[in-house]
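Observations on chain architecture
Chain by chain, the residues run as shown.
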Amino acid sequence: MKPSRSAVFLAVLACCAGTAQAQSLGQSLSIYTYPANGQAGEQQSKDDYECFSWAQQQTGYDPMKPPQAQTQTASQQAPTGSRLRGAARGAAAGAIIGEVADDDAGDGAAIGATLGALRGGSQDRQRRQQQAQQANQAAEAQVGAAEDAFRNAYGACMQGRGYTVSF
């Protein structure tokens, strides 16, 4: 009985999985290992797989499936009422100015409310953008720290097995 093409493909894929994993790992985290004690390629693939798995267990980080930094945009944050507060302040100031300038507090209040709402909205947008930027930076730092922890765990494992490791 002759094996099917898909069975042969899966067998080849299974044999090469350790090598592909090592190449992907090296590309994503820039880790280079050298068999300092003359280990054969097959042994290096086995050690790589075991150290990769061990580093994942120790750190909870999988470089093959890195977490996506939860980026936020300013529009995803809830409004804070800055426009309403700005409109109220503007209306009050406009009413006073309108009354003093031409005895028409209503027109002054309307103009002041409009300008206050615009200013409040602008300030709210700026605040939300700053908060989103800070949240994004914190998320990126967290992912970077997880990558570093994984890299160090993997490197320690491979060095313990007699490989020279370079980051």
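The structure this text deals with has already been given above.
The structure displayed is predicted, hence computed values, not measured ones. (Residues numbered from 1 in each chain as written. Predicted model: local features only at pLDDT ≥ 70, side-chain atom pairs only at ≥ 80, totals over all residues. Heavy atoms only, no water.)

A few words on the overall build of the protein chain. Of regular secondary structure, the protein chain possesses four helices and two strands. Starting at the N terminus and ending at the C terminus, the protein chain contains elements arranged as α-β-α-α-α-β. Classification of the 167 residues of the protein chain by burial places 29% in the buried group. (Helix = DSSP H or I, 4+ residues; strand = E, 2+ residues; numbered from the N terminus. Buried < 20%, exposed > 50% of the residue type's maximum accessible area, 1.4 Å probe, protein only.)

Attention now goes to the side chain of glutamine 39. For glutamine 39, the position within the fold is in the loop between strand 1 (32-35) and helix 2 (41-59). Side-chain polar atoms of glutamine 39 contact the backbone oxygen of glycine 162, separated by 3.1 Å. When sequence neighbours within four positions are dropped, the list of residues in contact with glutamine 39 reads Arg161, Gly162 and Tyr163. (Polar contact = N/O pair within 3.5 Å; in protein donor to acceptor, adjacent residues only side chain to side chain. Contact = heavy atoms within 4.5 Å.)

Below, the discussion takes up the pairing of strand 2 (residues 163-166). Of the two faces of strand 2, only the one carrying Tyr163 and Val165 is buried; Thr164 and Ser166 on the other face are not. Looking at chain direction, strand 1 and strand 2 are connected through four bridges and run antiparallel. Bridge pairing in strand 2 links proline 35 to tyrosine 163. (Pairing = 2+ DSSP bridges.)

The terminal C-alpha atoms of helix 2 lie 26 Å apart, and with 19 residues this matches the ideal 27 Å at 1.5 Å per residue to within 8%. Taken as a whole, helix 2 has its buried residues at Gln44, Asp47, Asp48, Cys51, Phe52, Ser53 and Ala55. Where helix 2 terminates, the next one or two residues include glycine 60, which has phi positive at roughly 75°. (Expected span 1.5 Å × (residues − 1).)

With respect to the helices and strands, the residue glutamine 44 is situated in helix 2. Leave out the neighbours within four places in its chain, and glutamine 44 touches Thr33, Pro35 and Tyr163.

Take the environment of threonine 164 next. Structurally, threonine 164 can be placed in strand 2. With near-sequence residues (within four places) excluded, threonine 164 lies in contact with Tyr32, Thr33, Tyr34 and Ala36.

In this structure, Ile31, Cys51, Ala55, Phe150, Tyr154 and Met158 are the most contacted members of the largest nonpolar core, which totals 13 residues. Where this core is concerned, the elements lending two or more residues are helix 2, helix 4 (105-160) and strand 2. When residues in this core are grouped by element, the largest group, five residues, is from helix 4. (Core = buried A, V, L, I, M, F, W, Y, C linked by side-chain atoms within 4.5 Å.)

What follows deals with the environment of leucine 29. Looking at the element boundaries, leucine 29 is found in helix 1 (residues 5-29). Judged by its relative accessible area of 3%, leucine 29 falls in the buried class. Residues leucine 29 and arginine 151 lie 122 residues apart in sequence; the distance between their C-alpha atoms is 7.1 Å. Discounting residues that sit within four places of it in the chain, leucine 29 has contacts with Pro63, Glu147, Phe150 and Arg151.

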